[in-house]
Amino acid sequence: MTHSANSQADRLKGRDWLMTQDWSDDEIELALETAAKLKTEFRNGVHTLHLPHKTIFLIFFDKSTRTRNSFEAGITQLGGHAHFIDADTSQIAHGESPKDMGIILSGYGHGIAIRHDLVPGEGQSYMREVARWASVPVINMQCDVDHPCQTLADLMTIREEFGKDLSELKLAVSWAYAPSYVKPMSVPQGLIMLMSRFGMNVTLAHPPEYTLMDEPLRLARENAARSGGRFEVVDNMEDAFAGADIVYPKSWGVESLYGQPEEAMKVAQKYRGWICDEQMMAGASERAIYMHCLPADRGSEVTDAVIDGPQSRVYPEAENRMHTAKALMALTM
Ligand code: CP
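This report concerns the structure included in the present document. (Residues numbered from 1 in each chain as written. Predicted model: local features only at pLDDT ≥ 70, side-chain atom pairs only at ≥ 80, totals over all residues. Heavy atoms only, no water.)

### Comments concerning the packing of helix H4 (residues 98–108) against helix H5 (residues 123–133)
Next up, step 1: At a closest axis distance of 7 Å, the pairing of H4 and H5 adopts a crossing angle of 45°. As summarised for this structure, H4 and H5 are arranged oblique, according to the angle between their axes. As for the relative orientation of H4 and H5, their crossing is right-handed in sense. The segment H4 lies against H5, with Pro-98, Lys-99, Met-101, Gly-102 and Ile-103 engaging Tyr-126, Glu-129, Val-130 and Trp-133. (Axes fitted to C-alpha atoms, helices over the stretch in contact; angles between N-to-C directions. Helix = DSSP H or I, 4+ residues; strand = E, 2+ residues; numbered from the N terminus. Parallel < 35°, antiparallel > 145°, perpendicular 65-115°, else oblique. Left-handed = near helix turned anticlockwise from the far one by under 90°. Contact = heavy atoms within 4.5 Å.)

### What about the sheet that holds strand E5 (residues 170–175)?
Next up, step 1: The strand order E7-E6-E5-E8-E9 describes an open sheet built from five strands, whose pairing is parallel. Each edge of the sheet is formed by a strand with only one pairing partner; in this case those strands are strand E7 (230–234) and strand E9 (289–290).
Next up, step 2: Looking at chain direction, strand E8 (residues 246–250) and E9 are connected through two bridges and run parallel. Within E9, the position partnered with Ile-246 by the bridge is Ile-289.
Next up, step 3: Here helix H8 (residues 214–227) sits on the sheet in contact with strand E6 (201–205) and E7, set at roughly 140° to E7. (Pairing = 2+ DSSP bridges.)

### Some thoughts on the site of the ligand
Next up, step 1: In the neighbourhood of the ligand, the contacting residues comprise Ser-64, Thr-65, Arg-66, Thr-67, Arg-115, His-147, Gln-150, Cys-293, Leu-294 and Arg-321.
Next up, step 2: Between the ligand and the protein, one listed contact pairs an oxygen atom with a side-chain N or O atom of Ser-64 at 2.7 Å.
Next up, step 3: For the ligand, the protein covers 93% of the area, taking 260 Å² as the surface of the free molecule.
Next up, step 4: Its residues assigned to classes, the shell around the ligand shows two nonpolar, five polar and three charged. (Near = heavy atom within 4 Å. Polar contact = N/O pair within 3.5 Å; in protein donor to acceptor, adjacent residues only side chain to side chain. Areas by Shrake-Rupley, 256 points an atom, 1.4 Å probe, with all protein chains shown as cover. Nonpolar A, V, L, I, M, F, W, Y, C, P; charged D, E, K, R; others polar.)

### Digging into the environment of Trp-133
Next up, step 1: Looking at the element boundaries, Trp-133 is found in helix H5.
Next up, step 2: Along the primary structure Trp-133 and Pro-98 are separated by 35 residues, whereas in three dimensions their C-alpha atoms are 8.2 Å apart.
Next up, step 3: Those residues in contact with Trp-133 that lie beyond four places of it in its chain are Lys-99, Gly-102 and Ile-103.

### Things to note about helix H3 (residues 66–77)
Next up, step 1: With 12 residues, H3 should reach 16 Å at 1.5 Å per residue; the first-to-last C-alpha distance of 16 Å fits that figure.
Next up, step 2: Turning to H3, its buried residues are Thr-67, Ser-70, Phe-71, Gly-74 and Ile-75. The arc that holds every buried residue of H3, seen down its axis, measures 115°, which confines them to one face.
Next up, step 3: Close packing links the buried residues of H3 with strand E1 (55–60), strand E2 (81–86), strand E3 (111–116), strand E4 (138–143), helix H6 (148–162) and helix H13 (314–332).
Next up, step 4: Positive phi shows up at Gly-79, right after H3, with a value of about 95°. (Expected span 1.5 Å × (residues − 1). Buried < 20%, exposed > 50% of the residue type's maximum accessible area, 1.4 Å probe, protein only. Arc of directions from axis to C-beta.)

Structural data, given as structure tokens:
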């Protein structure tokens, strides 16, 4: 990196990444530019050893494929190393406090990343408490409120498709039926908070039981008003998809029923018809792309014809998880 590029990048050293809302538009822009550069360098086989001998601790309270592996591969490519910490097999399971985790892990390394996404009211608070005591940056790998690593990769993917000016685009974020497990609320919440900042017209669709948390809804409205975009909520997938340029149908749970999976599934089964199929896609714009953070319930959230079809961008989207994770680590650690 040049001297001026270095000073620009250094402004984020030590910063936490807990919600996209905590970073300014310029800071998000810097993260996206850094991710794009790292992506090109990765594809060209250029070594990017920006974090030699540095350690990040990855604490997981939930399962993961993309997040764990994008961070582990990413830190290796940056010259550092990741420690995987399973909350269930560490002393967290015996009640070790977020304060102790923050202080102790800060003494061993250079960054802490946390996934704590399945209990409404807990994940974001836990991370903020770790961050209060940690002397190294804390990264949110998905909480109850936001999945900022996912939505940053999504924004990168959308910009690769449509360019930097997103102001004329319509994004449909819709609930969809999934029987596999009760999925967190943080992806739709993160999407409506982040995409509304860039002038997009964001439409959220869900059955009545699946309302999102108050704060992300408030921020989506406020961001849209500030950016000149629009944010609206409808009660069916068809209206959300009408003329949409980007469709993002996925499942999430009823806020009051996390921890009661059988009750939650009873509610979900009323809405088995909420699937993204070719007929649903036909209502979107001709240039529409289909996105999903994955894992997707094939045959329930989406048909194979759509997720494997020409409009699907799920694999570039998943790939961008690594480039954005690397950018966040390189900038903050
Ligand atoms: N999209 C996402 O966060 O994937 P994982 O749950 O596999 O990490």
